[in-house]
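Commentary on secondary and tertiary structure
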Protein chains: 2
Amino acid sequence: MDSAESAGTGADLLVATALANGIDHCFANPGTTELHLVQALDRAPGMRSVLCAFEGVCSGAADAFARITGRPALGLYHLGPGFANALANVHNARRHHTPMINVIGDQASWHLAADAPLTSDIGSLSEWTGRLIEVTSPDGAGPAMAEAIRGALGDEQRISNLVVPADHAWGSTTGVPPIVERPLRRRPDADMVAVATAALARPGGTLVLDGPAIGAAALRLAEAIRLATGCTVTSGRPARQELGSDVPAIDQLPYFPQPLQLALAGVSTAVLVGAEEPVTFFGYPDTPSYPLPTEAGRIALGGPGDDLEMLLAAIATELGVEPSEGPGRTPAPLPEVDPGPLSPRNLGQAFACAIPEGAIVVSEAISSGGGYRALAPSAAPHTLLAVTGGAIGGGLPAAVGAAVAAPDRSVLALQADGSALYTIQSLWTMARERLDVTVVICANRRYQILDVELAAAGIELAGSELTALDDPPVDFAGVAAGFGVPGVAVTTGAELVRALDRAAAEPGPHLIEAVLAG
Amino acid sequence: MDSAESAGTGADLLVATALANGIDHCFANPGTTELHLVQALDRAPGMRSVLCAFEGVCSGAADAFARITGRPALGLYHLGPGFANALANVHNARRHHTPMINVIGDQASWHLAADAPLTSDIGSLSEWTGRLIEVTSPDGAGPAMAEAIRGALGDEQRISNLVVPADHAWGSTTGVPPIVERPLRRRPDADMVAVATAALARPGGTLVLDGPAIGAAALRLAEAIRLATGCTVTSGRPARQELGSDVPAIDQLPYFPQPLQLALAGVSTAVLVGAEEPVTFFGYPDTPSYPLPTEAGRIALGGPGDDLEMLLAAIATELGVEPSEGPGRTPAPLPEVDPGPLSPRNLGQAFACAIPEGAIVVSEAISSGGGYRALAPSAAPHTLLAVTGGAIGGGLPAAVGAAVAAPDRSVLALQADGSALYTIQSLWTMARERLDVTVVICANRRYQILDVELAAAGIELAGSELTALDDPPVDFAGVAAGFGVPGVAVTTGAELVRALDRAAAEPGPHLIEAVLAG
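Residues numbered from 1 in each chain as written. Chains lettered and ligands numbered in written order. Predicted model: local features only at pLDDT ≥ 70, side-chain atom pairs only at ≥ 80, totals over all residues. Heavy atoms only, no water.

1. A look at the overall build of chain A
Applied cut-off: Where helices and strands are cited, they refer to DSSP runs of H or I of at least four residues and of E of at least two residues respectively, numbered from the N terminus. Values of the radius of gyration come from C-alpha atoms, whereas the globule rule sets the reference at 2.2 Å times the count of residues to the power 0.38. To sort residues, take the accessible area from a 1.4 Å probe on protein chains only and compare it with the maximum for the residue type: under 20% means buried, over 50% means exposed, and anything in between is partly exposed. To be clear on the numbers: accessible area is Shrake-Rupley with a 1.4 Å probe, and residue cover counts the displayed protein chains and nothing else. Here Asp and Glu are counted as negative and Lys and Arg as positive; His is not counted, and neither are the chain ends. Charge placement uses NZ in Lys and CZ in Arg. For Asp and Glu, CG and CD serve respectively.
Counting its secondary structure elements, chain A contains 19 helices and 20 strands. Compactness check: chain A gives a C-alpha radius of gyration of 24 Å against a globular reference of 24 Å for 518 residues, within 12% of the reference. Expressed as lengths along the three principal axes of its C-alpha atoms, the size of chain A is roughly 65 × 60 × 45 Å. Buried residues in chain A amount to 63% of all 518 residues. Summed over its atoms, the accessible surface of chain A is roughly 17100 Å², and 53% of this surface lies on carbon and sulfur atoms. In chain A, 29 positive and 55 negative side-chain charges are present, and the distance between their average locations comes to 4 Å.

2. Digging into the nonpolar core
In plain terms, the rule: What is meant by a nonpolar core is a set of buried Ala, Val, Leu, Ile, Met, Phe, Trp, Tyr and Cys residues, joined one to another through side-chain atoms within 4.5 Å.
In terms of nonpolar packing, the biggest core is built from 207 residues, with A:Phe27 and B:Phe27 touching the most fellow members. With 28 residues, the next largest nonpolar core counts B:Val337, B:Leu342, B:Leu414 and B:Leu496 among its residues.

3. Some words on the interface of chain A and chain B
As a reminder of what qualifies: Any two residues whose heavy atoms approach within 4.5 Å are treated as being in contact. Simply put, the buried area is the total loss of 1.4 Å probe accessible area from both parts when two parts are fitted together. Salt bridges are defined as contacts in which a side-chain nitrogen from Lys or Arg sits within 4 Å of a carboxyl oxygen from Asp or Glu. In protein, a polar contact requires one atom able to donate a hydrogen and another able to accept it; more generally it is a pair of N or O atoms within 3.5 Å, and residues adjacent in sequence count only if both atoms are side-chain atoms.
Contact residues are listed per partner, giving 95 residues for chain A and 95 residues for chain B. For the pair chain A and chain B, the summed buried area comes to about 7800 Å², and 64% of that belongs to carbon and sulfur atoms. If you sort the residues of chain A by the area they bury against chain B, A:Pro117, A:Trp128 and A:Leu466 come out on top, with a joint share of 10%. Here chain A is connected to chain B by 4 salt bridges. Here B:Asp115 and A:Arg95 are joined by a salt bridge, their closest N and O atoms 2.7 Å apart. Counting every contact that joins chain A to chain B gives 36 residue pairs in polar contact (both at pLDDT 80 or more). Those elements that place two or more of their residues in the side of chain A that touches chain B are α2 (35–43), β3 (48–51), α4 (79–95), α5 (122–129), α16 (426–432), α17 (448–456) and α18 (476–482) of chain A.

4. With respect to the sheet that holds strand β12 (residues 251–252) of chain A
Residue and element names in this part refer to chain A. We apply this condition: Paired strands, in this sense, are two strands between which DSSP finds at least two bridges. Axis definition: a line fit to C-alpha positions, over the contact stretch in the case of helices; interaxial angles, taken between N-to-C directions, run 0 to 180 degrees.
Judged by pairing direction, the sheet is parallel, and its 5 strands sit side by side in the order β12-β10-β9-β13-β14 without closing on themselves. The open sheet is flanked by β12 and β14 (297–300), the only strands paired with a single partner. Two strands pair when backbone bridges link them, and strand β10 (residues 232–235) and β12 are joined in this way by 2 bridges, in the parallel orientation. For Thr234, the partnering residue across the bridge sits in β12 and is Asp251. Each of β9 (205–209), β13 (269–273) and β14 is contacted by helix α8 (residues 190–201), which is oriented at about 140° to β14, the strand it contacts most.

5. Digging into helix α12 (residues 344–354) of chain A
The set of residues buried in α12(A) consists of A:Asn346, A:Leu347, A:Gly348, A:Gln349, A:Ala350, A:Phe351 and A:Ala352. Check the buried side of α12(A) and you find it contacts β15 (359–364), α13 (370–375), β17 (411–416), β18 (437–443), α19 (493–505) and β20 (510–515) of chain A.

6. Overview of the relation of the copies chain A and chain B
For the record, the criterion: The superposition of copies rests on a least-squares fit of C-alpha positions from residues with pLDDT of 70 or more in both.
Note on the copies: chain A fits chain B at an RMSD of 0.0 Å, the axial shift is 0.0 Å, and the rotation between them is 180°. Such a turn and shift between the copies fits a two-fold axis. Measuring from the rotation axis to each C-alpha of chain A, the shortest distance belongs to A:Val479, at 2.2 Å. Here 100% of the contact residues of chain A are again contact residues in chain B; the copies associate through an equivalent surface.

7. Here's the deal with the sheet that holds strand β7 (residues 159–165) of chain A
Residue and element names in this part refer to chain A. One open sheet holds the 6 strands; their spatial order is β3-β2-β4-β5-β7-β6, and the pairing between them is parallel. Strands with a single pairing partner mark the edges of an open sheet, and in this sheet they are β3 and β6 (131–134). Geometrically, the sheet is characterised by an average inter-axis angle of 25° between neighbouring strands, direction not taken into account. Contacting β2 (25–28), β4 (74–78) and β5 (100–106), helix α3 (residues 55–69) crosses the sheet at an angle of about 155° to β2.

8. A short note on the side chain of A:Ser378
Residues and elements named next belong to chain A. Relative to the helices and strands, Ser378 resides in the loop between α13 and β16 (382–386). Among the residues examined, Ser378 registers a relative accessible area of 16% and is labelled buried. Within polar-contact distance, the side chain of Ser378 engages the backbone oxygen of Ala332 at 2.6 Å. Beyond its immediate chain neighbours, meaning those up to four positions away, Ser378 contacts Ser245, Pro331, Ala332, Pro333 and Leu334.

9. What to know about the packing of aromatic side chains
To keep things clear, this is the line we draw: Working definition: a ring pair exists when centres of Phe, Tyr or Trp rings (six-membered ring for Trp) sit within 6.5 Å. Plane angles under 30 degrees give stacked, over 60 give edge-to-face, the rest tilted.
Scanning the entire structure with this criterion turns up 15 aromatic pairs over all chains. Relative to B:Phe282, the ring of B:Phe281 lies with its centre 5.4 Å away and its plane at 70°, an arrangement referred to as edge-to-face. Judged by its relative accessible area of 3%, B:Phe282 is buried. Put simply, the rings of A:Phe54, A:Tyr422, B:Phe54 and B:Tyr422 pair up and form one aromatic cluster.

10. Some details on the side chain of A:Arg67
Residue and element names in this part refer to chain A. By the element assignment, Arg67 lies in helix α3. Classification of Arg67 by relative accessible area gives buried; the value is 9%. A distance of 2.7 Å separates the side chain of Arg67 from the backbone oxygen of Ala386, its partner in a polar contact.

11. Remarks on the confidence of the model for chain A
Rule in force here: The quantity called pLDDT is the predictor's confidence in a given residue, expressed from 0 to 100.
When pLDDT is averaged along chain A, the result is 93; 98% of the residues meet or exceed 70. With pTM at 0.96, the complex prediction returns an ipTM value of 0.96.

12. As for a negative patch on the surface
For clarity, the cut-off: Surface patches are drawn from residues lacking salt bridges whose relative accessible area is over 30%; two like charges belong together within 9 Å, two nonpolar side chains (Val, Leu, Ile, Met, Phe, Trp, Tyr) within 5 Å.
Together, A:Asp121, A:Glu127, B:Asp121 and B:Glu127 make up a region of like negative charge exposed at the surface. Along the chain, B:Asp121 falls in the loop between β5 (100–106) and α5 (122–129). B:Asp121 gets classed as partly exposed once you look at its relative accessible area, which sits at 39%.

Following this line, the structure appears as structure tokens:
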């Protein structure tokens, strides 16, 4: 579609505006009110639509797509209830500042008053996660999409929820797609940089990195700052991080409150770069919400909307140092994989060894993922997408979105069994799109994290049925096969290594259920 | 727990208050902030908790449980994102006025300010579907639960969203569970009854029934009114309806706008009993939102909160007639099942013939369910639960809830393939609880409803990927087996009859994928 002479429906103008601004993917689960949007997506050259069998898959995939490409994808949803199904993964995206544009079809504007069954107040859903933008005429579809893009690319709220009444999607327009100017990133304040740099050079100075992406350049700058000042460097829960043998490793702040408090005990000043002050994930009795020592200084040097690399470069310049080259320290070699019965330890070994150079790793495995994470600095260079907002069910959709975003890279998903079940329909889209994804299910057949928390809280729940997933155990390989993804179950490290090798040798998606010894 | 001497946590008091008011089931998907609620549920004698692997299963099951028993069940959710996953089926419950109590764990109250990852504004989610009630202390857990019950049982808003901060769940209390008085149903206004009765006796008088339940007594009253006045009797989308050979049959208003308009073309006055004025499901060009003739009278005799039977009895008394006995007319015998390749017609025949007396039928199959619905008046007496709010994914969860509510009754679910995928994790809870559910998947391997709507809208979408589910086709029998439910695929009427027979002969859940000829 020639953007200078577009003539068609409001839906056509909306899609043309997305395309004119470099947004060329849509993760969709449409219904009757989105038929003209479907038509517009179908006939717009250069737009790729990916059908998902549940809206939570769309939103999680769109999030990961944006994390990998730096560009938002569209999500397409069927009125309020369809958008409601997408919300949990929109929450995750909001938490790590992923740009996201949710296109929500609605009743024809004149039909709203009839309060038909699917009618609802989309505004209150939108308020939960982002900014509401309403299309109010077919001509308005272009400016509204432009406003949504502007919001998604801006420094503040990055979730734009674009409501499209059906009559404005099907109505005619000769509107021209507006082009959105990219916002400039704020430059860091020189005085703040000087103060932060001085603080890092004092004993107990700590650099905390977080935000949408911690890339190789940022890691090399941080390593140079560490060497020059003697500070420690840690990360929060970045949405995307480079890892592996060619980049400096940094410690991640622990998940549980006591280790978290311990990790920060000696801090004199925390310099927060793209990071909020660390907090515990939940509130616990007799445990502070903020684990930094009360007397420690806090220096916020740029928020998540700011450019991490630019901020770190300013500190490095202040120090007069260059980014380190390579990993800075020699990574330990990866261990031999223990061939015996599977534990989180040898599962992590096999997984880390299987990562090919340039892979994308998606991890949603808090209880069982530690083995991999500890070895990640020694693995082949790869990109890690973590699930950072805490909403469960982001892992498999993220694997979909990452694979769509980077068809030339392998995607490995380390996935807990309990959380896999929330968005298990992701497997079908993997099969449909022939995505090169290998899913490793860490099958402990429990909500293990709850058992850990119960024990920590001193609650005896012998035989509680509310944390057990073992009756019946889900046959994940069978479920995967049902969705069109070849699946296999393994119980030892040796079997897991072989299964990972086979998955790597064949194109398309695979699922390996790694059954952990009880 | 003795309600006169309860001493324990706020969570204990909350659960004791539910139990003291006859609420003894909880459909749960808990997380860290709900550990003390889990503990309280586990140790309260008489409370049954049912674990679901996704929150949308909990809410759909709780809805159906209430529709069958007339008593609300609890749903238990993990903060805002967990509740978000439940919302689509809460929307369905709201639309058909099911009493529902959603217990939502939240961060410890003093931890909210830290804005930890899972923290969110639960108020805006709650506003979308119901009424927010907050527990503000351990002692307050009892009164708050009582208020939630009062709301759920009241005439107006029946969705109570009860937010429980973790510290108020774990804190101690000696509070006593309050007992909630059941609200009295409003008696109908005598003048309105007289006016409505007179209108029904005039040519074109129509009785429109709707609401949470159309029971056998209401149907027999409506039949007596029909015989006495010559009016027509139709139903909207009741949440629960008695059907089969021992109750009078009434026509259901059609789904699509043109047949709907046609069905109401001759109406002089519509007497709405427990019903809103009929509206089209969506807005279409050149089609009115309200299909009743503009000049027709509308008499609203009681809303969905009122007692349908009492209202109809008032009209019958005005007319001086008694409820009809039995079905009123002789139902046509059920046809022989066409043994050939499956179509919606012989699928419906086989399904209708397989319904045992006293069964509960759950139907979420708009495109393929018509065959059964047409034959339902001739089938054995049964209860139909329809998915009425339009949000997709209510069918399988409803089958879970119905089977938990009525362990002595068979549950048959007629389920479209596309909508089955939204809450497919329901199968696992069916296996876990050994529920006597037979799921028949109507596998046309498309979002057929969209193709129908596209054709009606004159949109050519040859080869659109956004309505096709056939690449790859989901092997539902395989997916079911993976979740622990025996599954089989059939392609002919004869095979379907045999599979239904086998499922009826064996206890526990079964899934039959009925593959429709293309």
